[in-house]
Amino acid sequence: MYTFQDQGSDSWIETDKLVADDAFQDDQLGFDVDFDGDLIVAGAPLSDSSCQGLLCNGGAAYVFARDQQGDWSQEMRIFPDDVANSDFFGFAVGISGETVIASSVREDDEGNGAGAVYIFKRTAPGVWSELIKLTADDGQAGDELGYSAAIDGVIAVVGALRDDVACPGNPNCDSGSAYVWSLRQLGDAAPGDLDFNGAVNGADLANLISVWGTTGMGTGADFNGDGVVNGADLATLLGNWTG
């Protein structure tokens, strides 16, 4: 993978070339890539690194971090606890703040190739933990949930390319669908912890104020769900204040 920096006047320069510390033939690092600030996440869906030397295509995702000098380096390789042969983990990836979403498009909990997505959280520099695994309530074999995936704040959107929702009973319909999850509704963080770092503090207050008077879409700041970020939501945040 390569990083480029805008020099203005439609001029870009290459700044870094990124490779995995355990790079191997056909891993396909960079199959999908996303970045936010000083963090990059990249999928390698054919990586065998999760399979202890076996050629399994379990997949992996890699997080790269930029230091104060502007240099990028690998921070961590991540994969789910239940990764299995031909899951193709890392097929789709996304990052928002210090939260990563990554898919196993051929995962088979709901049937062969039904697919699943996973949420990971950075709990400290160089430390990423799996928070939750998401599957569709109506998932079926071949849906390929996780063909695409994106995350913004507490909202995750995931595509299921071959879902047959438009023509029930026809397994070859492949009309497709998208699923939306709110991480806050999944109970991932206490009301007020807008950055999911385990504390409710000044950073969360600043986030709430930045969307004051709006719907707070994508931030989760509308804690009571009344459609506007206001004094009631501020009271909720302060009521959970940890400092």
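For clarity, every value in this text was computed on a predicted model and none was experimentally measured.

Draft legend 1. Representation of the sheet that holds strand E11 (residues 145–152) in the model. The three strands are arranged E11-E12-E13 in an open sheet whose pairing can be described as antiparallel. Looking at which strands have only one partner, the edges of the open sheet turn out to be E11 and strand E13 (177–182). Looking at each pair of strands side by side, their axes are set apart by 20 degrees on average, direction ignored. Direction of pairing for E11 relative to strand E12 (residues 155–160): antiparallel, over a ladder of six bridges. Bridge assignment links Ala149 to a residue of E12, and that residue is Val158.

Draft legend 2. Representation of the nonpolar core within the structure. Core analysis: the largest hydrophobic core is formed by 17 residues, its most contacted members being Ile101, Leu145, Val158 and Trp181. Sorting the residues of this core by element identifies strand E9 (116–124), E11, E12 and E13 as the ones contributing at least two each. With 15 residues, the next largest nonpolar core counts Val63, Val93, Val100 and Phe120 among its residues.

Draft legend 3. Spatial organisation of the pattern of salt bridges. Inspection of every chain in the model, using the stated rule, returns 10 salt bridges. A salt bridge links Arg77 to Asp22; the nearest nitrogen and oxygen atoms lie 2.7 Å apart. Placement of Arg77 in strand E6 (residues 72–78) and of Asp22 in the loop between strand E2 (11–17) and strand E3 (33–36) is noted, with a sequence separation of 55 residues between them. Look at Arg77 and you get partly exposed, because its relative accessible area is 31%. Look at the salt bridges and you will find they share partners, linking Asp82, Glu107, Asp109 and Lys133 into a network.

What counts, and at which threshold
Residues numbered from 1 in each chain as written. Predicted model: local features only at pLDDT ≥ 70, side-chain atom pairs only at ≥ 80, totals over all residues. Heavy atoms only, no water. Pairing = 2+ DSSP bridges. Helix = DSSP H or I, 4+ residues; strand = E, 2+ residues; numbered from the N terminus. Axes fitted to C-alpha atoms, helices over the stretch in contact; angles between N-to-C directions. Core = buried A, V, L, I, M, F, W, Y, C linked by side-chain atoms within 4.5 Å. Buried < 20%, exposed > 50% of the residue type's maximum accessible area, 1.4 Å probe, protein only. Salt bridge = Lys/Arg side-chain N within 4 Å of Asp/Glu carboxyl O.

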